[in-house]
Amino acid sequence: MNPFKEKPISLVNAFENWKGLYPKAYNKNEVDPYTKTRIILMNGTEFEANWFSHQFSRHFPCTELRRDLALVRAQEKQQQLKISLLKPADETQLEQTIGYEQLAVDLTAELAKREKDFYVKKALDFALLEDFDHLYRYSDLLYMNQGVIAERLVGGYTEIMPARPTISHHRFPKDNVRRCINSKMSDKETILGTMIITAAEQQTMNYYMNIATLATDDLTRKLYEEIALVEEEHVTQYEDLMDANANWFEMNLWHEYVECYLYWSCMMTETDKCIKALWEENLAIEIAHLHSAAELLQKHDKKTWEQVIPNGEFPAPLSLHENINYVRDIIKNTAQFTSVGEEYENINNLPKDAEFFKYQATINPNTDMTPSHIVIDEYINKFGADYRFETSPNPLKELRDRKCDNTEVGRIKDAADGSGFKANK
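So, here's what we can say about the structure. Keep in mind the model is a prediction, meaning the values are calculated, not measured.

What follows is about helix α2 (residues 33-58). With 26 residues, α2 should reach 38 Å at 1.5 Å per residue; the first-to-last C-alpha distance of 38 Å fits that figure. A large share of α2 lies buried, amounting to 22 of its 26 residues. The distance from a side-chain oxygen at the start of α2 to the backbone nitrogen of Tyr 34 is 2.8 Å, and the residue carrying that oxygen is Asp 32.

A few words on the packing of helix α4 (residues 93-114) against helix α5 (residues 118-146). Closest axis-to-axis distance for the α4/α5 pair is 8 Å, and the angle between their directions is 160°. The orientation of α4 relative to α5 falls into the category roughly antiparallel. Handedness of the crossing formed by α4 with α5: left-handed. Tallied by class, the residues present in the contact of α4 with α5 amount to 14 nonpolar, six polar and five charged.

A few words on the pairing of strand β2 (residues 343-346). Burial along β2 is one-sided: the face carrying Tyr 344 and Asn 346 is buried and the face carrying Glu 343 and Glu 345 is not. Judged from the four bridges that link them, strand β1 (residues 337-340) and β2 form a sheet pairing that is antiparallel. Within β2, the residue paired with Thr 338 across the bridge is Glu 345. If you look at the hairpin formed by β1 and β2, you'll find two residues sitting between the two strands, and Gly 341 has a positive phi there, around 65°.

Cut-offs used in this document
Residues numbered from 1 in each chain as written. Predicted model: local features only at pLDDT ≥ 70, side-chain atom pairs only at ≥ 80, totals over all residues. Heavy atoms only, no water. Helix = DSSP H or I, 4+ residues; strand = E, 2+ residues; numbered from the N terminus. Expected span 1.5 Å × (residues − 1). Buried < 20%, exposed > 50% of the residue type's maximum accessible area, 1.4 Å probe, protein only. Polar contact = N/O pair within 3.5 Å; in protein donor to acceptor, adjacent residues only side chain to side chain. Axes fitted to C-alpha atoms, helices over the stretch in contact; angles between N-to-C directions. Parallel < 35°, antiparallel > 145°, perpendicular 65-115°, else oblique. Left-handed = near helix turned anticlockwise from the far one by under 90°. Nonpolar A, V, L, I, M, F, W, Y, C, P; charged D, E, K, R; others polar. Pairing = 2+ DSSP bridges.

Okay, structure coming up:
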């Protein structure tokens, strides 16, 4: 499908009344896990588009342009709220958090498996391992606090076990910065991938930042605080991959194209008939937004859409599904790695005075004060062993002990080994 070739609906007619804006929420006991993750993904995608538009408007004095942006932006916000309200009132914050982390794992894995740019793929694989460990920490907390088994929430599609421990994710901020791609030279799927993962991780960061204060016990508040700051690291590395050379009008076009692509992908892969209809409805709205962005590009930047996106045809739809074997391979080979400068390095090879070790000494002076470790430690003390959902033992032998939380892998020299990152063939 080429959305530029589709006839757009009227933007003015795309607004809904209050009845239409408030959707029927899904049943948390019946919904497919990947329907939930698609909802989270599109919530984040709409947020990114809306706030990009706000920043765009704040950097241009042209009132006419600002009015055109405001028209589209208001519809983006209506779309986001409607999608967000698909979450039922009886789904707890921790239950929804499991969906956020399942999305982070399986979306990142799917994007990594498609990625032709090895530098971008390494970034995806690196953060994938950390989100996978977050899923494990939240799952143990969920059962300890609410008696809910996370395996049921993820549908058995995504394993729940430790990877690079969360305590090891805290890096000197300058080491989270990456080189940006060039959209004029990059494959279309690489451009889409960097923008999609940035929106998804940004949504996760914002969610944790906002709900940390709503938790009713200190340990839950502390875990959200810790992992929210890791998500800040992830957003930094992913947004830095995006093309920083493209101008505002070009990126506005790309944002709308990404939304069209994702709604089309959701429509093509959704199993819930009612929600599939919503994806189809929003695709029509986004096609109108895309045509509006193309008009702004032509009017203000004197370029056609073909000069920015030479081939408007969508690649294969983005499908969310299990990635167990792929994730296991990443754990086995890269758990002992951290980021240094713009690259990744096995910490076994770092000098003793590396910024990573200095920052770790500052934020984790002892493991007993780190929330992600305390959660597992308390769970083990209460139940005798941690909670996991594994199809077979952890691929890294150092992470197989269910009666002791490993706080050394990815943080202490010689705590593990690994061959490193692999490019797609």
